[in-house]
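Working through the structure, step by step
Below, each chain spelled out in residue letters.
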Amino acid sequence: MDAISIMRGLARNNAWANHRLLAACAQLSPDELHATRTSFFPTIMKTLNHILTVDWFYVDALVGGGRGRSAYAIEEPYAELAPLRAAQLASDRTLLAFVEGLAPAQLDAEVELDRRVGRLLDTAGAVLLHMLEHSIHHRGQVHAMLAGTRVAPPQLDEYFLREDLPVRRHELVELELEIG
């Protein structure tokens, strides 16, 4: 398997994991989503907003959107889950389209990041890996917070294994991801 195939699989997994986690969160009431819990960000909504705004920052840098740090200037742009969910799906689709269009040499292309310390350069491949790891980390926090609610945390670590496809097919169709 080549690096582009791995990146595409990781981007698909990212979209799928966001989809499953947000579907579970949609079963919670607004009070439950905003309840103070033990985690780096004190509520499920604050954590979901953080995942989204940081995704916006990195996706914008990857596609050359020019927003820089303004992409995450508002820490909590969504107080309600439904619009956050739609925005996360849109961001995931932008990332998927970017990764699907990548040629192998483009993983080494320079990407400019507008960080607090100034403008930094890194490769598209490194930025992708960092962004995906960041999302995994914070989805894990939401997963743990869900464990303290009436909603069971969804399975997030099985993806695109042939044996799992029959039980995942409906989610992949919902996401408009290629099956098989």
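In this text, all values refer to a predicted model and were calculated from it rather than measured experimentally. (Residues numbered from 1 in each chain as written. Predicted model: local features only at pLDDT ≥ 70, side-chain atom pairs only at ≥ 80, totals over all residues. Heavy atoms only, no water.)

**What to know about the side chain of Asp-60**
Put simply, the rule is: Only runs of H or I of at least four residues qualify as helices and only runs of E of at least two qualify as strands under DSSP, and these elements are numbered from the N terminus. Under the scheme applied here, a residue whose accessible area is under 20% of the maximum for its type counts as buried, over 50% as exposed, and between as partly exposed, the area being computed with a 1.4 Å probe on protein chains only. In this count, Lys and Arg are taken as positive residues and Asp and Glu as negative ones, while His and the chain termini are left out. The rule for a salt bridge is simple: a side-chain nitrogen of Lys or Arg has to be within 4 Å of a carboxyl oxygen of Asp or Glu. We call two residues in contact whenever any of their non-hydrogen atoms come within 4.5 Å of each other.
Assignment of secondary structure puts Asp-60 in helix H3 (residues 44-63). Of the side chains bearing the opposite charge, Arg-67 lies closest to the buried Asp-60, which forms no salt bridge; the N-O distance is 4.9 Å. With residues up to four places along the chain from it excluded, the contact list for Asp-60 reads Gly-65, Gly-66, Arg-67 and Gly-68.

**Section: the packing of helix H1 (residues 3-25) against H3**
We count it as follows: Under this scheme, a helix contributes an axis fitted over its contacting stretch, all axes are lines through C-alpha atoms, and angles between N-to-C directions fall in the 0 to 180 degree range. These descriptions rest on fixed angle ranges, namely under 35 degrees for roughly parallel, over 145 for roughly antiparallel, 65 to 115 for roughly perpendicular, and the rest for oblique. Left-handed describes a crossing in which the near helix is turned anticlockwise from the far one by less than a right angle; the clockwise case is right-handed. Note on residue categories: nonpolar means Ala, Val, Leu, Ile, Met, Phe, Trp, Tyr, Cys or Pro, charged means Asp, Glu, Lys or Arg, and polar means any other residue, Gly included.
The contact between H1 and H3 brings their axes to 12 Å, and the two run at 155°. In terms of orientation, H1 lies roughly antiparallel with respect to H3. The way H1 lies across H3 gives a crossing that is left-handed. Between H1 and H3, the residues in contact are Asn-18, Leu-21, Leu-22 and Cys-25 and Ile-44, Leu-48 and Asp-55, respectively. Split by residue class, the contact of H1 with H3 holds five nonpolar, one polar and one charged.

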